[in-house]
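Residue-level listing of the chains:
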Amino acid sequence: MRIKEHFKKLTKKANNIVITTHIHPDADGIGSQIALCMALRKLGKNAICVNEEPLFDRYRYLDPDNVIISLDEYKKNEFAEIDLFIVTDTNSLPRIGTNVQQLVLKSRDLLFIDHHPCPKELQAIHCIDTNMAATGELVGNLIEAVGVEFDQKIALALYTAIIIDTSSFRYPTVTGNTHRIIAKLMDAGVKPPEAFNRINGTKKIGYMQLLGKVLSSAQTTKDETVAWISLSEEMIDFHDSDAEDTHGFINHLLILDNIKVACMFRKIGNKVKVSLRSAVDEIDVGIMAQALGGGGHNHSAATILEGDFNEVVKSTIKKIQAMLES
Ligand SMILES: [Mn+2]
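Since this is a predicted model, take the numbers as computed values, not measurements.

Q: Mind showing me how you'd approach unusual backbone geometry here?
A: With the exception of glycine, most residues fall at negative phi, and the peptide bonds are largely trans. Despite not being glycine, Asn66 has its phi angle at roughly 50°, a positive value. Turning to its location among the elements, Asn66 is positioned in the loop between β2 (46–51) and β3 (68–70). Even without a glycine there, the phi angle at Asp240 is positive, about 55°.

Structure below.
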């Protein structure tokens, strides 16, 4: 309730509104910012999305009105004043990128719209609800709260945000509310086969061969409660793919019978990105990632470690086993 009132109040007094999302954005960040921008325009606001990086080609269909522009494009025709700067799908300013961050200083108000864990103090003054399965779900609630009806374009952006962030409705954060919003998005014209295929059914053969190679190297602990896969930048390049393509690989481990924690190790230079997924409600990989210097949700989290790749894999699996035992 407070979140909706806060959003109403801030958007009511704002006219020039800039919306951004985190770097290396996923469909939740992008879909949320696009839907929000379209809805605010329907209310007569000068709203625009400015991102650190240009929109990936694969997401272009989500933005038929071209509401997302680069910082350079924005600078050619910038607002005299920014009344409100909105950040979707993160509550950390460093995560929006070094260049876009400069715009925050020029804005009267700043608002995070997000579902990631954060300190209570921050949560109290922003629209952050960790009970939401996706930022897209929260944005759906906020758009309804300001009295804008979902149209087909807004609906597709939000539907895609939610389907991606819940890995097709499999996570414990999915609730009746998630599906109530989904129902309304379908009523506004979303067709599930089309929406699903546009986001998940546009891969190339190189992607499939990379996935095959990565999965064939999967390993598990003896009891198969922890499973992991590894990949490197070289493998991704060799198969003409990019890192963004590989985010979902880890989810394939979740079909193992005894699996509790799935891990994916990706070599990036002398660093290792460690992604974690929990397969059971009682196990919070967010806490595990925190113990490893990162963070995230209960069911999905990550960290970046330094060191020799094989050493990082070995020691991380050991630490996760120890945390599972305690
Ligand atoms: Mn999200």
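Let us keep going from here.
Q: Got a minute to help me understand the environment of His22 in this structure?
A: Mapped onto the secondary structure, His22 falls in the loop between β1 (16–21) and α2 (27–42). Along the chain, His22 and Ile96 lie 74 residues apart, while their C-alpha atoms are 4.3 Å from each other. Beyond its immediate stretch of four places on either side in the chain, His22 contacts Gly29, Thr88, Asp89, Thr90, Arg95 and Ile96. Reaching out from His22, the side chain makes a polar contact with the side chain of Asp26 at a distance of 3.4 Å. A polar contact is formed between the side chain of His22 and the side chain of Asp89, at a distance of 2.9 Å.

Q: For this particular structure, what's the right way to read the environment of His116?
A: Looking at the secondary structure, you find His116 in the loop between β5 (107–114) and α5 (120–125). Taking the C-alpha atoms as reference, His116 lies 16 Å from Thr175; in sequence the two are 59 residues apart. Setting aside chain neighbours within four positions, we find His116 in contact with Asp89, Thr90, Asn91, Ile128, Thr130 and His297. Here the side chain of His116 touches Asp114 through a polar contact of 2.7 Å, side chain to side chain.

Q: Honestly, the sheet that holds strand β8 (residues 226–232) in this entry has me stumped. Any pointers?
A: Sheet strands associate in pairs through backbone hydrogen bonding, adopting either a parallel or an antiparallel arrangement. The mixed open sheet is built from six strands, whose spatial order is β7-β8-β9-β10-β12-β11. Both edges of this open sheet fall to β7 (219–220) and β11 (295–296), since each of them pairs with a single strand only. Two strands pair when backbone bridges link them, and β11 and strand β12 (residues 300–306) are joined in this way by two bridges, in the antiparallel orientation. Among the inter-strand pairings, Gly295 is bridged to a residue of β12, identified as Ala302. Sitting on the sheet, helix α13 (residues 309–325) touches β8, β9 (261–268), β10 (271–278) and β12, and the angle it makes with β9 is about 160°.

Q: Please explain helix α8 (residues 176–187) as it appears in this structure.
A: Since there are 3.6 residues in each turn of an α-helix, residues three or four apart along the chain are aligned in direction. Here α8 contains 12 residues, and its C-alpha end-to-end distance of 16 Å stays within 8% of the 16 Å for a straight helix at 1.5 Å per residue. As for α8, its buried residues are in contact with α6 (135–145) and α7 (152–165). Two or three places before Asn177, at the opening of α8, Thr175 has a side-chain oxygen 3.2 Å from that residue's backbone nitrogen. Positive phi shows up at Gly189, right after α8, with a value of about 120°.

Cut-offs applied
- For every chain, the first residue of the written sequence is number 1, and numbering continues from 1 along that sequence.
- In keeping with the predicted nature of the model, local features appear solely for residues at pLDDT of at least 70, side-chain atom pairs appear and are counted solely at 80 or more, and the whole-chain, interface and lining totals rest on all residues.
- Here the side-chain values reflect all heavy atoms present in the structure, with hydrogen atoms and water set aside.
- Numbering of helices and strands runs from the N terminus, with a helix taken as a DSSP run of H or I at least four residues long and a strand as a DSSP run of E at least two residues long.
- Here, two residues are considered to be in contact whenever any of their heavy atoms come within 4.5 Å of each other.
- By the criterion applied in these results, polar contacts are pairs of N or O atoms within 3.5 Å in which, for protein atoms, one can donate a hydrogen and the other can accept it, and in which residues neighboring in sequence qualify only through two side-chain atoms.
- Pairing between strands requires that DSSP locate at least two bridges from one strand to the other.
- Only the contacting stretch of a helix is used when fitting its axis, a line to C-alpha atoms as for every element, and angles between N-to-C directions run 0 to 180 degrees.
- Expected helix span is given by 1.5 Å per residue-to-residue step, counting one fewer step than there are residues.

Bear in mind that shape data such as this cannot, by itself, settle questions of function.
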